[in-house]
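Letter by letter, the chains look like this.
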Amino acid sequence: MTCGGVVPELLFVGGPVYLGGGVITSDPVAVCDGRIRLGAETRADEVIDLRGRMLLPGFQDAHIHAVFGGIELGQCYLGRARTVEACLESLAEYAAANPYRTWIVGSGWCATALRDNTEVGELLDSVVPDRPVYLLSKDREQAWANGMALELAKIDRWLPDPAGGRIDRRPDGAPTGVLEDSAVDLVARLVPELSEAEQLAGLLRAQRMLHELGITGWQDALLGSSGGQSDPGEIYLLAAAAGTLTARVNGALCWDPDRGSEQLGELIARRERLQRGRLQARAVKISPCAAASRSAAPSAAVWRRGVLGADTVGLSQIVTMLDAHDFQVHFHEHDDRAVRECLDAVEAAWKINGDRGNRHHLARLGVVHPDDAERFAAMGAVASMQLSRVGYDPHVDEATMPLLGTQHAASPYPFAELRDSGALLAASSDWPVRSADPLHGIHVAVNRVAQRGVGRTLLEQYRISLADAIDAYTAGSSYVNHADCTGRIANGCYADLVVLDRNPFDYPDVEIADAQVEMTLVEGEIVYAAEGR
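Attention in this report is confined to the structure presented alongside it. (Residues numbered from 1 in each chain as written. Predicted model: local features only at pLDDT ≥ 70, side-chain atom pairs only at ≥ 80, totals over all residues. Heavy atoms only, no water.)

### Remarks on the pairing of strand 15 (residues 215-223)
Taking burial as the measure, the nine residues of strand 15 include nine buried ones, the bulk of the element. Inspection of the sheet shows strand 8 (residues 59-64) paired to strand 15 by four bridges, in the parallel sense. Looking at strand 15, one finds that Gln60 is bridged to Gly217. When strand 15 meets strand 16 (residues 248-254), the two strands line up parallel, connected through five bridges. Looking at the pairing, Gln219 lines up with Asn250 of strand 16. (Buried < 20%, exposed > 50% of the residue type's maximum accessible area, 1.4 Å probe, protein only. Helix = DSSP H or I, 4+ residues; strand = E, 2+ residues; numbered from the N terminus. Pairing = 2+ DSSP bridges.)

This is the structure we're talking about:
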């Protein structure tokens, strides 16, 4: 096949090509005007010899917070620290390197780093006593604050806990410096707003990192304000207008739980405004049920309700209305009751509106009742899986399983069961909460272990194959993201591609995470190339 008599810009030869669906070929792949042509091309402006390396469709993420993550990478990042001592060392280094910042803001610490909650505020004060410090946890459900930040927020022994939150206290009632859930906002609202330039730099910082991981597109799961940070929608629009947004982005607008159907017109207007180049905002995010709470009773059936503030009937009405106006609903949920309620709402919309092809998806799937697994395929709902969550780590035994109880403990993250029921699987990371690396997520989903294929497995009967996991991170997520003509290597598809340093199908499953991305392309443009490629 030729490119209409035009010499292709690129030609990939000499290596395995993963077309999708488990199919691998060795045929040359040409790129003509940003699109793929398969066939017997023998010349091009540039011929790339794969030398046995694998060419795949570009990875896509169905649930990510790219702008927030990119901003945090430029702040006091604690994601690599595993102990309180390491966190304090990173904090001291950042504070010393940024003497003119009026606030020290950061994120990424893990709850397992804490030995004693009562020490936190004093420990932070020992490092930074003269500026307020505000550090979000990795899961964004807690924050550390030093004495100056607590004082500015007027948090003392007499301040009651806010609704839906908790101020951790010493026996005498004094705050420890640990804030949970909505109590985080008591300090977050005081953090100085970032400039437009700082936010744009955060987006571009994240985009560079994601391209290095082979990611060519994503669904930003929160186009709205959160945790003291501004709405990233306008930042995406700025990048799209400037031509610096190289990734394909579908944004999820926020449903305000404190309002009703009167917000529909605003959502439609924002969808139209945020349509430019590779940017679109076709989704609306709804949170019908929160994840397992530290204060919840030990049963999935009684986990605390989330921020929707509506019963099942109310949820169905909202979803039916959004579906009728061709919004994709991005359900942010976790437990089996929420999954059922979401599927009930999608079913209600189908009965009234018919199938409008809006590709509703249930993100961060955790526990799915066996009776609901087959409902995904029946109603065209997508199972959007956070692949990196399914590896075993001690936190599973310490926190997750006790909250689930024995009745539910055998069914977290049943990816294989969903696949076998005919559900379309999509993949996501929830970065910066979890690693954005697709190869890490694929490794964990295939091996059901936390890292590098070693250690205890988590419910290995729910393992999926390497091909299944790759398809979820390519074709599945591109479908969810409404990024049509991507996610597979086929004639006429956009040349959104990734080159790995190996063919992972030739290696043991326990070595999947050892693969490295060597090149990433979006519409035929090389947006990342490893040194010495």
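Picking up where we left off.
### Thoughts on the nonpolar core
Trp218, Tyr236, Leu322, Leu362, Phe376, Leu418 and Ile442 are the most contacted members of the largest nonpolar core, which totals 82 residues. Two domains share this core, each providing at least three of its residues, namely domain 1 (66-189) and domain 2 (196-294 + 310-482). (Core = buried A, V, L, I, M, F, W, Y, C linked by side-chain atoms within 4.5 Å. Domains from an automatic or database assignment.)

### Observations regarding the pattern of salt bridges
Summed over all chains, the structure comprises 26 salt bridges. Across the salt bridge formed by Asp161 and Arg169, the nearest N and O atoms sit 3.1 Å from each other. A relative accessible area of 27% places Arg169 in the partly exposed class. Between Arg270 and Asp231 there is a salt bridge, with its nearest N and O atoms 2.8 Å apart. Of this pair, Arg270 sits in helix 8 (residues 264-273) while Asp231 sits in the loop between strand 15 and helix 7 (233-242), and the two are 39 residues apart along the sequence. Owing to a relative accessible area of 23%, Arg270 belongs among the partly exposed residues under this scheme. On the basis of relative accessibility, which here comes to 21%, the residue Asp231 falls in the partly exposed class. One salt-bridge network, in which partners are shared between bridges, spans Arg340, Asp344, Glu347, Lys351, Asp372 and Arg375. (Salt bridge = Lys/Arg side-chain N within 4 Å of Asp/Glu carboxyl O.)

### Some remarks on the side chain of Asp372
Mapped onto the secondary structure, Asp372 falls in helix 11 (residues 370-373). A distance of 3.0 Å separates the side chain of Asp372 from the side chain of Arg340, its partner in a polar contact. (Polar contact = N/O pair within 3.5 Å; in protein donor to acceptor, adjacent residues only side chain to side chain.)

### Remarks on the pairing of strand 20 (residues 382-386)
Among the five residues that make up strand 20, five are buried, leaving the element largely enclosed by the rest of the structure. The alternating pattern of strand 20 places Val382, Ser384 and Gln386 on one face and Ala383 and Met385 on the opposite face, and all of these are buried. In this structure, strand 19 (residues 361-363) lies alongside strand 20, joined through two bridges in parallel fashion. Counterpart to Leu362 in the pairing with strand 20 is Ala383. In the sheet, strand 20 pairs with strand 21 (residues 425-428) via four bridges, with the strands oriented parallel. Counterpart to Ser384 in the pairing with strand 21 is Ala426.

### A look at the environment of Ala30
Here Ala30 lies in strand 4 (residues 29-32). Residue classification places Ala30 among the buried residues on the basis of a relative accessible area of 1%. In this structure, the C-alpha to C-alpha distance between Ala30 and Val13, residues 17 residues apart in sequence, is 8.8 Å. Ignoring anything within four residues of it in the chain, the contact list for Ala30 reads Pro8, Leu10, Leu11, Arg35, Ile36, Arg37 and Glu41. (Contact = heavy atoms within 4.5 Å.)

### Some words on unusual backbone geometry
Of the consecutive residues Trp431 and Pro432, the connecting peptide bond is found in the cis state with omega at 10°. Inspection of the secondary structure assignment puts Pro432 in the loop between strand 21 and helix 15 (438-447). Unusually for a residue other than glycine, Asp181 sits at a positive phi of about 50°. Assignment of secondary structure puts Asp181 in strand 14 (residues 175-181). Overall, the relative accessible area of 22% leaves Asp181 in the partly exposed class.

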